[in-house]
Amino acid sequence: MNDMTEQLGIENSQSSPSNADAIQALAADPTASVWVGASAGTGKTKVLTDRLLRLMLPQIKEGQVISGTAPHRILCLTFTKVGAAEMKERLSDTLQKWSLMSDPELHKKLTQLLGQTPHPAQNKAARELFAQVIDTPGGLKIMTIHAFCQSVLARFPLEAGIHPGMEVVEEAEQYAMLRQAFKTVIEAFYIAAEENDFHNALSHLLRYENEDSLLSYSYGFLRERKQLMTQLDKHGGLNGLSQSIYDVLSVDEASSEDDLWASMQSDIENNVSIFYSAVSFLSECGVKMEDIAFKLKAAIENKADIQTWIDVFYTQTGNLRKLTKKVQEERPDIADLFELWGGKFLRLNDQIKSIKTARLSCDLITFGVALLQSYDSLKKSKSVLDFDD
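A.B. asks: Go over the pattern of salt bridges with me, naming the residues and quoting the values.
C.D. replies: Using the criterion set out here, one finds 15 salt bridges in the structure. Among the salt bridges present, the one from Arg-54 reaches Asp-29, with a minimum N-O distance of 3.9 Å. Placement of the pair is Arg-54 in helix α3 (residues 44-56) and Asp-29 in the loop between α2 (17-27) and α3, with a sequence separation of 25 residues. Just as Arg-54 is buried, Asp-29 falls in that class too. Members of the salt-bridge network, linked through shared partners, are Arg-225, Asp-376, Lys-379 and Asp-386.

Here is the structure:
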C-alpha cells in the first residue's frame, strides 16, 4: 500500500474518501501483486471482491481484448469460514445484479470498478459471468486454508501417506473423540491386571489430581501434541525425556520424597538431646522465647511435617527467627542450631518439591502419551484426520 500511496501523492494515512477509493481501486487491479493492511471495517473484503471481479472480466490492452480468467481457474483462500462465506455471497450478489440491471446502470458500476470507461466486451462479459459461475463445477473456489489443504489430501491420499476416503473432523467432533480416548485410557487403568509404568504413573497422579483435572490437561496435550512429540523425538523417547526433566531439576531419579524425609527424621532423632537442651533454656527466657520453645518441643514429640519444622525456625515472612540478646550471649550454640537446622529444612523442602515436580511431570507426560496414542487409534478406526494432521 505504501507504493500506491506515494503514486497518489498521499503523505499520511488520513486520506480523503476519494483518495481511499483510488487506493482501493489500485489494490483491486489483478495485474498487481498487493499486500493490503487495514483495520476492521475499512474495506479489505471489498478490495478482494473487486479484485476477483476484475480478474474474471476481459482485460483491454492496446485496444486488444484479452479474455478474463475462467471461474474454475480461480482459487481464493481465507482464514475463516465466515470470511469465505461472505466473499461468496458478495460475488454472487454482485454478478446476479450485473446480469439483470439496465445498460446505463451496468456501465456506471463497471466504470466505478475499473476506474475507466468499460469496453463493450467487458459489458457483455459482466452480464454472462453469473451464468458461468453457476455452471462451474463446485462454483468459485473460495475456501479456508484448511479446506484447501483437505481438498489436496483428498485428491492425493497415497502421496500424502493417508488412507483414501479419510475425512477431516471439525473441532467439536475432535474434542468428542478426545473425551472418548480419555475414557478408554482411564478404564484401561482401572481394569489393568498387572502394574506397569503407565499404571504406576496414573496411580501417582490420581493422588494429587481428580479425573476432571486430568481431562482438562488432556485438551492441553491435544493442543500442544506437536511440541510434545518434538521433545520425545529430541530425547529419544519417554525415558529420555523423563531423565532430562530430572536432570534440569537436579534430582536423582532413584531418590524419593519418603527416603529423604526418613533420613531427616533419623538425623533429628540423633540430635534430639540438643533440641531438648534448647527447649529447656528458651523456656526460661521470656514469653517470645517460651513460644518458640513450645513449637520446637511440639515438633519433636509429634514428629511434625517439614512445614511445621520450618515454622519453628522461620517467621511467616521467611526470615530466621530472632533470638533475644540473652540467648545469643549465654547460649550462642542455640543461635547456631537455628541457622543450621533451619537451612537444612529449607533445603530438604526444596529437594522434595523438586522430586515431586519431576515425578508428577513425568507421570503427566506418560499419561499424555497414552492418551494421544488412544486418540490416534480412534482416528484410524474412524478413518478421519484432524486439522493438526
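A.B. asks: If you had to explain the nonpolar core to someone new, which residues and values would you point to?
C.D. replies: Where a protein is soluble and globular, its nonpolar side chains tend to be buried together. Counting residues in each nonpolar core, the largest one holds 36 residues, and the members touching the most others are Phe-182, Phe-198, Leu-202, Leu-205, Leu-214, Leu-228 and Phe-367. Elements that contribute at least two residues to this core include exactly α9 (171-191), α10 (197-205), α11 (211-223), α12 (225-234), α13 (238-248) and α19 (332-382). The greatest single-element share of this core, amounting to 13 residues, is contributed by α19. Those residues in contact with Phe-198, other than ones at most four positions away along the chain, are Val-185, Phe-189, Thr-366, Phe-367 and Ala-370. Residues Phe-281, Leu-296, Ile-310 and Ile-352 belong to the second largest nonpolar core, which totals 31 residues.

A.B. asks: Can you lay out a nonpolar patch on the surface for me, pointing to particular residues and giving the numbers?
C.D. replies: Residues Leu-75, Leu-77, Phe-79 and Ile-145 make up a contiguous nonpolar surface patch of roughly 410 Å² in combined accessible area. Following the sequence through the fold, Phe-79 ends up in the loop between β3 (75-78) and α4 (81-100).

A.B. asks: I'd like to hear about the confidence of the model for the protein chain, residue by residue, with values.
C.D. replies: Chain-level pLDDT for the protein chain is 87 on average; 95% of the residues reach the 70-or-more range. Note on residues 1-15: pLDDT under 50 across the span, and 20 contacts to partners over four residues away in sequence or across chains.

A.B. asks: Run through the packing of aromatic side chains, naming residues and quoting values.
C.D. replies: Evaluation of the coordinates by the stated rule reveals eleven aromatic pairs. Ring centres of Phe-182 and Phe-367 lie 6.1 Å apart, and the angle between their planes is 85 degrees; on these two criteria the pair is classed as edge-to-face. With Phe-182 in helix α9 and Phe-367 in helix α19, this pair connects stretches of sequence that are 185 residues apart. No difference in accessibility class separates Phe-182 from Phe-367, as the two residues are buried. Judged by centre distance (5.0 Å) and plane angle (65 degrees), the rings of Phe-189 and Tyr-190 are edge-to-face. On the accessibility criterion, Phe-189 (8% relative accessible area) is buried. Through successive ring pairs, a cluster of aromatic residues spans Phe-275, Trp-309, Phe-313, Phe-338, Trp-341 and Phe-345. The ring of Phe-281 has Arg-331 sitting right over it, with the charged end atom 5.5 Å from the ring centre.

Calculation criteria
- Residues numbered from 1 in each chain as written.
- Predicted model: local features only at pLDDT ≥ 70, side-chain atom pairs only at ≥ 80, totals over all residues.
- Heavy atoms only, no water.
- Salt bridge = Lys/Arg side-chain N within 4 Å of Asp/Glu carboxyl O.
- Helix = DSSP H or I, 4+ residues; strand = E, 2+ residues; numbered from the N terminus.
- Buried < 20%, exposed > 50% of the residue type's maximum accessible area, 1.4 Å probe, protein only.
- Core = buried A, V, L, I, M, F, W, Y, C linked by side-chain atoms within 4.5 Å.
- Contact = heavy atoms within 4.5 Å.
- Patch = residues over 30% accessible without salt bridge, like charges linked within 9 Å, V, L, I, M, F, W, Y side chains within 5 Å.
- Areas by Shrake-Rupley, 256 points an atom, 1.4 Å probe, with all protein chains shown as cover.
- pLDDT = per-residue confidence, 0-100.
- Phe/Tyr/Trp six-rings, centres within 6.5 Å; stacked < 30°, edge-to-face > 60°.
- Lys NZ or Arg CZ within 6 Å of the ring centre and 35° of its normal.

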